Amino acid sequence: MPVTSLKELAQHLDLTQEELSWKESPVSVPLRITDHYLSLIRKDDPSDPLRRQVVPTCRENTSLVSESEDPLHEVVHSHGSRIIHRYANRIAFLSTDICPMYCRHCFRRRFTGNMEGGATDAEILQCASYIKDHPEVREMLLTGGDPLTLSDSRLDYMVTAFRKANPRLIIRICTRYPVSEPSRIDENLISMFRRHDSAPFYLLTQFNHPREITPESIRAVSLFVDAGIPAMNQSVLLRGVNDDPDTLEELCNTLLFNRIKPYYLFQGDMVSGTSDFRVPLRRGLEIEKKLRRRLSGLAMPNYTADLPDGGGKVPLCGSYIIREADKEKGSWLFRTPEGGTREVQDPSV
Ligand SMILES: *Cc1c(COP(=O)(O)O)cnc(C)c1O
Ligand code: SF4
């Protein structure tokens with residue numbers, strides 16, 4: 001049984017004063033930690049990086065004026081209660097607000113954990129007709145909450161409706177189950193997805209720390225990959241969790257070895273109550289620079305910010321172009337990752 005209160009949690013961990021004085025509020029996500037994840041936490045370390053992601057502290061009860069509940073303007077871009085259409089060719093469908101375990105850094109906390117449950121038949125059919133009316137939409141992010149909290153038959157119903165509206169719709173299954181509760185992922189779930197073979201699926205995971213990659217999570221992801229569903233990972237850069245190059249280097253290399261492509265490394269969004277987790281951009285850029293020298297192109301994630309006021313995603317990295325050196329000749333001056341410079345003759349001029 002998952003732990004859902006501080007009282008229960010105190011039976012497993014010696015809670016600190018900051019943890020004990022957390023107050024649940026309407027904007028916070030509930031306390032819920034799976035047995036699996038709890039077993040990975042190092043009990044004797046109050047600053048354990050896994051503990052920080054799931055055990056709330058009173059720092060969560062502080063909101064900054066620069067923060068807001070919905071900095072990405074997801075509500076502005078919503079059509080009905082569950083479709084977010086921010087980019088022309090792809091939509092996100094909020095299939096449910098429930099997760100098996102809640103992350104203290106959750107950026108969609110205005111929605112997540114409100115306990116409203118899965119999308120109704122009417123909401124699913126409304127989304128299907130939206131897809132039909134918008135043939136420019138080629139990809140869907142099946143997200144939430146965590147879609148795999150829904151039963152296989154409910155997921156089957158959703159995918160059937162969406163693929164009926166557009167048989168070539170690429171669907172990303174966005175889930176933290178390989179981290180939180182890998183035993184959920186079994187042959188039945190995979191064969192259900194496989195039956196919908198008119199377009200590809202992609203698995204989008206959220207591993208933030210190398211210790212989250214366990215034999216059970218590798219088995220869970222392998223079921224997808226062996227079935228022809230490629231796996232990609234989206235990490236969040238989190239203070240005190242993974243904000244150092246060594247941890248991220250190990251995370252990305254271990255993911256790659258297990259056939260999970262590091263896709264994004266997100267800068268923390270300006271969401272109310274998450275300031276404890278944000279890493280200064282200057283530090284993030286230094287980490288990115290080091291990773292770029294150490295990791296292969298396959299292992300390197302795109303360090304990315306989702307800009308406030310719905311500005312959208314932008315890549316974060318230092319420029320390797322110093323300047324256009326000679327406009328007449330058409331040559332450019334570059335910085336090498338090791339700190340040298342090179343002039344490049346531009347053939348197009
Ligand atoms: C991030 C995001 C996407 C997907 O963007 P990609 O860069 O293609 O991964 C789609 N819709 C919304 C609302 C998003 O926030
Ligand atoms: S799994 Fe995703 S939606 Fe659920 S609490 Fe974590 S970050 Fe939020």
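Cut-offs applied
Residues numbered from 1 in each chain as written. Chains lettered and ligands numbered in written order. Predicted model: local features only at pLDDT ≥ 70, side-chain atom pairs only at ≥ 80, totals over all residues. Heavy atoms only, no water. Pairing = 2+ DSSP bridges. Helix = DSSP H or I, 4+ residues; strand = E, 2+ residues; numbered from the N terminus. Near = heavy atom within 4 Å. Polar contact = N/O pair within 3.5 Å; in protein donor to acceptor, adjacent residues only side chain to side chain. Areas by Shrake-Rupley, 256 points an atom, 1.4 Å probe, with all protein chains shown as cover. Nonpolar A, V, L, I, M, F, W, Y, C, P; charged D, E, K, R; others polar. Salt bridge = Lys/Arg side-chain N within 4 Å of Asp/Glu carboxyl O. Core = buried A, V, L, I, M, F, W, Y, C linked by side-chain atoms within 4.5 Å. Buried < 20%, exposed > 50% of the residue type's maximum accessible area, 1.4 Å probe, protein only. Contact = heavy atoms within 4.5 Å. Phe/Tyr/Trp six-rings, centres within 6.5 Å; stacked < 30°, edge-to-face > 60°. Lys NZ or Arg CZ within 6 Å of the ring centre and 35° of its normal. Axes fitted to C-alpha atoms, helices over the stretch in contact; angles between N-to-C directions. Domains from an automatic or database assignment. Disulfide = S-S within 2.5 Å.

Bridge count between strand β12 (residues 331–335) and strand β13 (residues 341–345): five bridges; the pairing is antiparallel. When the sheet's bridge partners are listed, Leu333 is paired in β13 with Glu343. Joining the antiparallel neighbours β12 and β13 is a turn of five residues, in which Gly339 adopts a positive phi near 105 degrees.

Within the structure, ligand 1 sits among Ile84, Arg86, Tyr87, Arg90, Leu141, Arg172, Tyr263, Tyr264, Asp306 and Lys313. Separating an oxygen atom of ligand 1 from a side-chain N or O atom of Arg90 is a distance of 2.7 Å. Contacts to ligand 1 include Tyr263, whose side-chain N or O atom sits 2.7 Å from an oxygen atom. For ligand 1, whose unbound accessible area comes to 390 Å², protein coverage reaches 89%. For the shell around ligand 1, the elements supplying multiple residues, two or more each, are β2 (83–87) and β8 (260–266). When residues in the shell around ligand 1 are grouped by element, the largest group, three residues, is from β2. Its residues assigned to classes, the shell around ligand 1 shows five nonpolar, no polar and five charged.

Moving on: the pattern of salt bridges. Two side chains bearing opposite charge may form a pair once their charged atoms approach each other closely. Going through the model one piece at a time under the given rule, you end up with 24 salt bridges. Between Arg283 and Asp243 there is a salt bridge, with the nearest N and O atoms lying 3.8 Å from each other. Within this pair, whereas Arg283 is found in helix α11 (residues 281–294), its partner Asp243 is found in the loop between β7 (231–236) and α10 (245–257), the two being separated by 40 residues in sequence. Ionic contacts of the salt-bridge type, sharing partners, join the residues Glu18, Arg52, Arg59, Arg239 and Asp276 into one network.

On to the side chain of Ser272, then. Inspection of the secondary structure assignment puts Ser272 in the loop between β8 and α11. Among the polar contacts made by the side chain of Ser272, one reaches the main-chain amide nitrogen of Glu69 at a distance of 3.4 Å.

The next subject is the nonpolar core. Phe93, Phe162 and Phe193 are the most contacted members of the largest nonpolar core, which totals 74 residues. Looking at this core, the element that brings in the most residues is helix α6 (residues 152–165), giving six residues. The contact partners of Phe162, leaving out residues within four places of it in the chain, are Phe93, Ile124, Cys127, Ala128, Ile131, Met140, Leu142 and Leu169. Ranked by size, the runner-up nonpolar core spans six residues in total, among them Cys174, Met232, Tyr263 and Phe266.

With that settled, consider the packing of aromatic side chains. Each aromatic ring pair is described using two quantities: the centre-to-centre distance and the angle formed by the ring planes. Scanning the model with the defined rule gives five aromatic pairs in all. Relative to Tyr264, the ring of Tyr263 has its centre 4.2 Å away and its plane inclined at 35 degrees; by these criteria the two rings are tilted. Tyr264 shares its class with Tyr263; the two are buried. Centroid distance Tyr264 to Phe266: 4.7 Å. Interplanar angle 35 degrees. Geometry classified as tilted. For the pair shown, Tyr264 and Phe266 are each scored as buried. Every member of this aromatic cluster is reached through a ring pair, and the members are Phe193, Phe201 and Phe224. The aromatic ring of Tyr87 is capped on one face by Arg86, whose charged end is 4.9 Å from the ring centroid. Above the ring of Phe201, the side-chain terminus of Arg163 is found at 4.4 Å from the ring centroid.

The next thing to look at is the sheet that holds strand β11 (residues 321–326). Strands sit in the order β11-β12-β13 across an open sheet of three strands; the sheet is antiparallel. Unpaired on one side and paired on the other, β11 and β13 mark the two borders of the sheet. Sheet twist, expressed as the mean angle between neighbouring strand axes with direction ignored, is 25 degrees. Pairing of β11 with β12, which is carried by four bridges, proceeds in the antiparallel orientation.

Interface size, as often reported, equals the accessible area lost upon joining of the parts. By the assigned domains, the protein chain splits into domain 1 (66–315) and domain 2 (320–349). Between domain 1 and domain 2, the C-alpha centre-to-centre distance is 37 Å.

In terms of backbone geometry, most residues other than glycine have negative phi values and most peptide bonds are trans. In the segment running from Gly144 into Gly145, the intervening peptide bond is cis, with an omega of 15 degrees. With respect to the helices and strands, the residue Gly145 is situated in the loop between β4 (139–143) and α6. Even without being glycine, Met115 reaches a positive phi, approximately 65 degrees. Topologically, Met115 is positioned in the loop between β3 (90–94) and α5 (121–133). For Met115, a relative accessible area of 49% gives the class partly exposed. Of note in the backbone geometry, Asp309 takes a positive phi value of approximately 55 degrees without being a glycine. The topology assignment puts Asp309 in the loop between β9 (302–307) and β10 (312–315).

Another point: the state of the cysteines. What the rule picks out here adds up to zero disulfides. Not part of a disulfide, Cys174 finds its nearest cysteine sulfur in Cys99, a span of 12 Å.

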